[in-house]
Amino acid sequence: MRADTIVQVTWEPPASRYLTFTLAGERDEVRHQIRGIGSAASAVSEEEGTALVQSLHKAIAATSFLPGAHLLVLTDEEGTGLRWQRSPLYDLGEEAAS
């Protein structure tokens, strides 16, 4: 989904496995499973769910100032847990989003 169509992002505790997106011009909400690339879906604590929503907002804001089009991908790295990674659409190499 395009960042400029996101109206709201929510996470419903306790331990939901989905972020819920409300999009402009869409009647139905979109659910995104909280699962990083290369990891299995697992329960997410209230702290982790809230942090993912906040870090997504920060990643969108940081990426909006960069030239070109970008993807934000949820990844699961050893030792750091789930985090958003920025990837330019023309290059598959990923960089930290925040």
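Our structure's up above, just so we're on the same page.
Residues numbered from 1 in each chain as written. Predicted model: local features only at pLDDT ≥ 70, side-chain atom pairs only at ≥ 80, totals over all residues. Heavy atoms only, no water.

**Examining the overall build of the protein**
Thought 1: Tallying secondary structure elements over the protein gives one helix and six strands in all.
Thought 2: Helices and strands in the protein line up, N terminus first, as β-β-β-α-β-β-β.
Thought 3: Taking all 98 residues of the protein together, 28% fall into the buried category.
Thought 4: A sequence separation of at least 24 residues applies to 32% of the contacts in the protein between residues at least 6 apart.
Thought 5: Within the structure as shown, the protein displays about 6,500 Å² of accessible surface, and the carbon and sulfur contribution to it stands at 51%. (Helix = DSSP H or I, 4+ residues; strand = E, 2+ residues; numbered from the N terminus. Buried < 20%, exposed > 50% of the residue type's maximum accessible area, 1.4 Å probe, protein only. Contact = heavy atoms within 4.5 Å. Areas by Shrake-Rupley, 256 points an atom, 1.4 Å probe, with all protein chains shown as cover.)

**Notes on a negative patch on the surface**
Thought 1: A cluster of acidic residues, E12, E26, D28 and E29, forms a negative patch at the surface.
Thought 2: Within the fold, E12 resides in the loop between β1 (6-11) and β2 (18-23). (Patch = residues over 30% accessible without salt bridge, like charges linked within 9 Å, V, L, I, M, F, W, Y side chains within 5 Å. Salt bridge = Lys/Arg side-chain N within 4 Å of Asp/Glu carboxyl O. Lys, Arg positive; Asp, Glu negative; His and termini not counted. Charge placed at Lys NZ, Arg CZ, Asp CG, Glu CD.)

**Observations concerning the sheet that holds strand β3 (residues 30-33)**
Thought 1: With antiparallel pairing, three strands are arranged side by side in an open sheet as β1-β2-β3. Across the chains shown, the open sheet's two edge strands, defined by having one partner strand only, are β1 and β3. Across the sheet, the mean angle separating the axes of adjacent strands is 25 degrees when strand polarity is ignored.
Thought 2: One ladder, built from four bridges, connects β2 with β3; its direction is antiparallel. Within β3, the residue paired with T20 across the bridge is R31. (Pairing = 2+ DSSP bridges. Axes fitted to C-alpha atoms, helices over the stretch in contact; angles between N-to-C directions.)

**Considering helix α1 (residues 46-64)**
Thought 1: In this model, α1 (19 residues) spans 27 Å end to end at C-alpha, consistent with the 27 Å of a helix rising 1.5 Å per residue.
Thought 2: Here α1 has its buried residues at G49, L52, V53, L56, A59 and T63. Looking straight down α1, one finds that the buried residues subtend no more than 130 degrees of arc, so they occupy a single side. For α1, the exposed residues lying more than 90 degrees away from the buried face are E46, E47 and K58.
Thought 3: The secondary structure elements touched by the buried residues of α1 are β1, β2, β4 (70-77) and β5 (81-88). (Expected span 1.5 Å × (residues − 1). Arc of directions from axis to C-beta.)

**Structural notes on the side chain of T63**
Thought 1: Along the chain, the position of T63 falls in helix α1.
Thought 2: Look at T63 and you get buried, because its relative accessible area is 10%.
Thought 3: The residues touching T63, leaving out its near neighbours within four places in the chain, are H70, L72 and R86.

**A closer look at the environment of L52**
Thought 1: Assignment of secondary structure puts L52 in helix α1.
Thought 2: Measuring from C-alpha to C-alpha, the distance between L52 and T10 comes to 9.8 Å, with 42 residues separating the pair along the chain.
Thought 3: Sequence-distant contacts of L52, defined by excluding residues within four places in its chain, comprise I34, L74, L82 and W84.

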